[in-house]
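Understanding the architecture of this molecule
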Amino acid sequence: MTRQFGDLGAGPYKSLVIRNAMVIPGHGGPPAGPYDIMIEGNMITQMVPFDPVAAERRGAGSRMTGDRIIEAEGKYVMPGMIDLHTHIRTLPEEIEYVYYLKLAMGVTTMVNAADRGYANGMEEAKKSAANEIIAPRMFPLVSYGAGTSFKGRQLDDPAMASQVVKAMAANGNRVISMDPLGWSLDLVAAIAKAAKENGMITSFHLQPSNTAVTQAVKAACAGVTMIEHHYGYAESALDNKTQDFPRTYNYGNENDRFREAGKVWTYTNKERLLNEVADTLVKCGVTMLPTRVVYEANRDVIRATSLPWTDKYTHQALWNWNLPNPAYHGSFHYDWTSDDEYYWTTAFRLWGDLIYEFNKRGGRVAFGTDDNYIWATPGFSSVRELQLQRETGMHGLEVIKTATLNSAQTLGEPQLGLVRPGYKADLLIVDGNPAANLKYLYSFGDLALDKDGKMIRTKGIVHTIKDGVVLNNARLMEEVEKMVQASRKLAPAVDVMRDPFRVGKP
Ligand SMILES: [Zn+2]
């Protein structure tokens, strides 16, 4: 039953005990403990408060034991994080590069775009579910109609939605991507309804080309499960139904598209956005999936390209895709001015206020990164995303909740998102309290003082446990480093971002 993945990980175990761990439950409540946690197979079965005095009195034999014991004194256990929007990209970036980084920095479940094709997405999800590979649980994000025989005009017809969605559900799909469908609100509403009837959810990247018809409020009240990214909110509070596109705007030009997506936040009606719009979004029951980290480069592209981990851990293929180039998606920083960075700084501030108001008024904020795009290195982005949510004013424990219980509920997974008997063993064993410092979740930890006042660097997430499989996160990071160093042979002769800062002649 216990599978061995070399020295990268092993499990699930007949019985696995985590001893003496503080627990962050995942529902927004504070840390409690310490506990001894019993995991049988892939399930948490018991949590016993550990009282060292009582334990000594009872004798060593009274303590829970198992096939494997992890001593976790001083460590914090929290639920594995659920990234509801991410990418695995394509070769030459190894798929393991993404899996290992995601796991090492705390993501045990992900809704990943099926970047390598529908069949591959479904196949990988199956392998992960069977624990045949080291990877997070996967619920591929698939376009409406994918994997079915419906096509063309059938997919434009709201009356067909219930048949199409039924066929998708029968193929084992969970998450429908609505991205290009905003041109017809009837269609959006019909798919959202059919999805609910079939136990599926809908995820919507509201394209600026269609927000004249479907902005965030319209999408939310049409029954969409979650709205990804920032699109459609500022547009919901404009006086005009169409945003103020400049005369030369072309939606197909990514530079135009991203510039105006930031700028719209500077002239939207702020008052209406933070009140009427926030209230209606809550009332209509939509989940917000901000993925702020993937847009952070827009407010300071030099910072985004010079983060300390890029040399060691950012795959060359990812770097090459990001290099400003009008021909690639998400590589639009070829004419990115300080005005653009101003628009995006303003956008981040107001968008953050909206997230805060939405959460405060009872709306559900979930967690996603959209990483592996726009200078967002996977894994590192998960932690940064939490920090960017904290920046909105939400409490650190609420921020953790977005990635645990809130995302589990959004996805419709009742056994994920909490540390509790009866829940699946998707857990993180963290060196330090992440509710106090989210940066403890980085693989390189953070500086802190030990109890003698000596400066130390914490060790990040020591073990990620996915479905009862215990991973050695430091080893996963070594494998990532090897892949990245091997990928340097793909470095271009001219690197417009790095060349000015190279030491010596390139
Ligand atoms: Zn995406």
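About the cut-offs
Here the residue index of a chain counts from 1 through its sequence in written order. Residue-level local features of this predicted model are given only where pLDDT is at least 70; pairs of side-chain atoms are given and counted only at 80 or more, and the full residue set underlies all totals for whole chains, interfaces and linings. Each side-chain value is worked out from all heavy atoms of the structure, with water and hydrogens disregarded. Numbering of helices and strands runs from the N terminus, with a helix taken as a DSSP run of H or I at least four residues long and a strand as a DSSP run of E at least two residues long. Each radius of gyration reported is based on C-alpha atoms, and the globular scaling rule is 2.2 Å times the count of residues to the power 0.38. Relative accessibility thresholds used throughout: buried, under 20% of the residue-type maximum; exposed, over 50%; partly exposed, between the two (1.4 Å probe, protein chains only). Residues count as neighbours in contact if any of their non-hydrogen atoms are within 4.5 Å of one another. Residue burial considers only the protein chains on display, and all accessible areas are found by Shrake-Rupley using a 1.4 Å probe. Only residues whose relative accessible area exceeds 30% and that form no salt bridge enter a patch; like-charged residues are grouped when within 9 Å of one another, and nonpolar side chains (Val, Leu, Ile, Met, Phe, Trp, Tyr) when within 5 Å. Think of a salt bridge as a Lys or Arg side-chain nitrogen and an Asp or Glu carboxyl oxygen that are within 4 Å of each other. A pair of sulfur atoms, both from cysteines and within 2.5 Å, is called a disulfide here. Under the convention used throughout, the expected extent of a helix is 1.5 Å for every residue step, that is, one less than its residue count. Side-chain atoms alone can form a polar contact between residues adjacent in sequence; in general such a contact is a pair of N or O atoms within 3.5 Å, and within protein one must be able to donate a hydrogen while the other accepts it. For Na, K and Ca the donor cut-off is 3.2 Å; for every other metal, N, O and S atoms count as donors within 2.8 Å. Water does not enter the count, which can leave sites looking incomplete. How far each domain reaches was decided by an automatic or database domain assignment. Buried area adds together the accessible area that both of two parts lose upon being put together, with accessible area traced by a 1.4 Å probe. Think of it this way: a Phe, Tyr or Trp ring, Trp meaning its six-membered ring, pairs with another when their centres are within 6.5 Å, and the plane angle makes it stacked under 30 degrees, edge-to-face over 60, tilted otherwise. As a reminder, the over-ring test applies to NZ of lysine and CZ of arginine, requiring each to be within 6 Å of the ring centre and within 35 degrees of the ring normal. All axes are obtained by fitting lines to C-alpha atoms, using only the stretch in contact for helices, and the reported angles, taken between N-to-C directions, cover 0 to 180 degrees. The sense of a crossing depends on the near helix, which, turned anticlockwise from the far helix by less than a right angle, makes the crossing left-handed and, turned clockwise, makes it right-handed. All residues other than Ala, Val, Leu, Ile, Met, Phe, Trp, Tyr, Cys, Pro, Asp, Glu, Lys and Arg, Gly among them, are scored as polar; the first ten of these are nonpolar and the last four charged. Should an angle lie under 35 degrees it is considered roughly parallel, over 145 roughly antiparallel, and from 65 to 115 roughly perpendicular; all remaining angles are considered oblique.

With that out of the way, let us pick up the overall build of the protein chain. Helix and strand counts for the protein chain stand at 16 helices and 21 strands. A compact globule built from 506 residues should have a C-alpha radius of gyration of about 23 Å, and the protein chain, at 23 Å, falls within 12% of that. Structurally, the protein chain occupies a C-alpha span of about 80 × 60 × 45 Å along its principal axes. Here the protein chain, with 506 residues, has 60% of them falling under the buried criterion. Here the contacts in the protein chain between residues at least 6 apart in sequence split such that 75% fall between residues at least 24 apart. Surface accessibility of the protein chain: about 20,200 Å² in total, with carbon and sulfur atoms responsible for 51%.

For the rest of this paragraph, the subject is a nonpolar patch on the surface. Judged by side-chain polarity, L447, L449 and M455 come together as a nonpolar surface patch covering roughly 340 Å² of accessible area. Residue position: L447 is located in strand β18 (residues 447-449). Taking relative accessible area as the criterion, L447 reaches 44% and is therefore assigned partly exposed.

The next subject is the state of the cysteines. Summed over all chains, the structure comprises one disulfide. A sulfur-sulfur distance of 1.9 Å marks the disulfide that ties C221 to C284. Handedness here is read from the sign of the S-S torsion; for C221 and C284, about 90 degrees, the answer is right-handed. Taken together, the residues C221 in helix α6 (residues 216-221) and C284 in the loop between α8 (270-283) and β15 (287-289) connect sequence positions 63 residues apart.

What follows covers α8. In this model α8 runs 19 Å from its N-terminal to its C-terminal C-alpha over 14 residues, within 8% of the 20 Å that 1.5 Å per residue would give. For α8, the full list of buried residues reads L273, L274, V277, A278 and L281. The inward-facing, buried residues of α8 abut α6, α7 (254-267), β15 and α12 (338-360). Put simply, N269 is the residue that caps the front of α8, since its side-chain oxygen is 3.2 Å from the backbone nitrogen of E271. G285 sits one or two positions beyond α8 and adopts a positive phi of about 80 degrees.

Here we come to the coordination of the zinc ion. Around the zinc ion, the donor atoms from the protein are H85 (NE2), H87 (NE2) and D370 (OD), and they sit 2.1 to 2.2 Å away. Here the donor residues of the zinc ion share one chain and are spaced in sequence as H-x1-H-x282-D. Highlighted residues: H85 in strand β8 (residues 81-87) and D370 in the loop between β16 (364-365) and α13 (380-390), separated in sequence by 285 residues. Using a relative accessible area of 4% as the deciding quantity, one classes H85 as buried.

Our focus in this paragraph is the side chain of R259. By the secondary structure assignment, R259 is in helix α7. Those residues within four positions of R259 in sequence are excluded, and the remaining contacts are D335, W336, D340 and Y343.

Another point: the domain arrangement of the protein chain. Reports often express the size of an interface as the amount of accessible area lost when the parts come together. Its domain assignment divides the protein chain into domain 1 (3-78 + 423-471) and domain 2 (81-139 + 205-411). The C-alpha centroid of domain 2 is placed 30 Å from the C-alpha centroid of domain 1. The partner domain 2 presents 32 residues to the 30 residues of domain 1 that form the contact. Taken together, the two surfaces of domain 1 and domain 2 that pack against each other cover about 2,600 Å², and 67% of this comes from carbon and sulfur. Contact with domain 2 buries area across many residues of domain 1, yet L438, Y442 and K466 alone supply 26% of it, more than any other trio.

If you trace the backbone, N240 turns up in the loop between β14 (226-228) and α7. Accessibility expressed as a relative area gives 56% for N240, which makes it exposed. Separated by 28 residues in the primary sequence, N240 and T268 place their C-alpha atoms 9.8 Å from one another.

Following the criterion strictly, the structure yields 16 aromatic pairs and no others. A ring pair is formed by Y295 and W344, whose centres lie 5.6 Å apart and whose planes are at 5 degrees; its orientation type is stacked. In this pair, Y295 is assigned in the loop between β15 and α9 (301-304) and W344 in helix α12, connecting sequence segments 49 residues apart. You'll find Y295 and W344 in the same group, each marked buried. Pairing F332 with W336 gives two aromatic rings, centres 5.3 Å apart and planes at 65 degrees, and the pair type is edge-to-face. With respect to burial, F332 and W336 carry one shared label: buried. In this structure an aromatic cluster arises from ring pairing among Y231, W265, Y295, W344, F348 and W351. The ring of F50 is capped by R63, whose NZ or CZ atom sits 3.7 Å from the centre of that ring. One cation-aromatic arrangement involves R292 over W351; the distance from NZ or CZ to the ring centre is 4.9 Å.

Looking now at the packing of helix α2 (residues 95-104) against helix α16 (residues 473-487). At a minimum axis separation of 9 Å, α2 and α16 run at an interaxial angle of 145 degrees. Crossing geometry of α2 relative to α16 is assigned as left-handed. Between α2 and α16, the residues in contact are E96, Y97, Y100, L101, L103 and A104 and N473, L476, M477, E479, V480, M483 and V484, respectively. In terms of residue class, the contact of α2 with α16 is built from ten nonpolar, one polar and two charged.

Interaxial distance between helix α4 (residues 161-170) and helix α5 (residues 185-197) falls to 9 Å at its minimum, and their mutual angle equals 45 degrees. The angle between α4 and α5 places the two elements in the oblique class. Both α4 and α5 take part in a crossing whose hand is right-handed. In this structure, α4 uses A161, S162 and V165 to contact α5, whose residues at the interface are A190, I191, A194 and A195. Split into classes, the residues belonging to the contact of α4 with α5 amount to six nonpolar, one polar and no charged.

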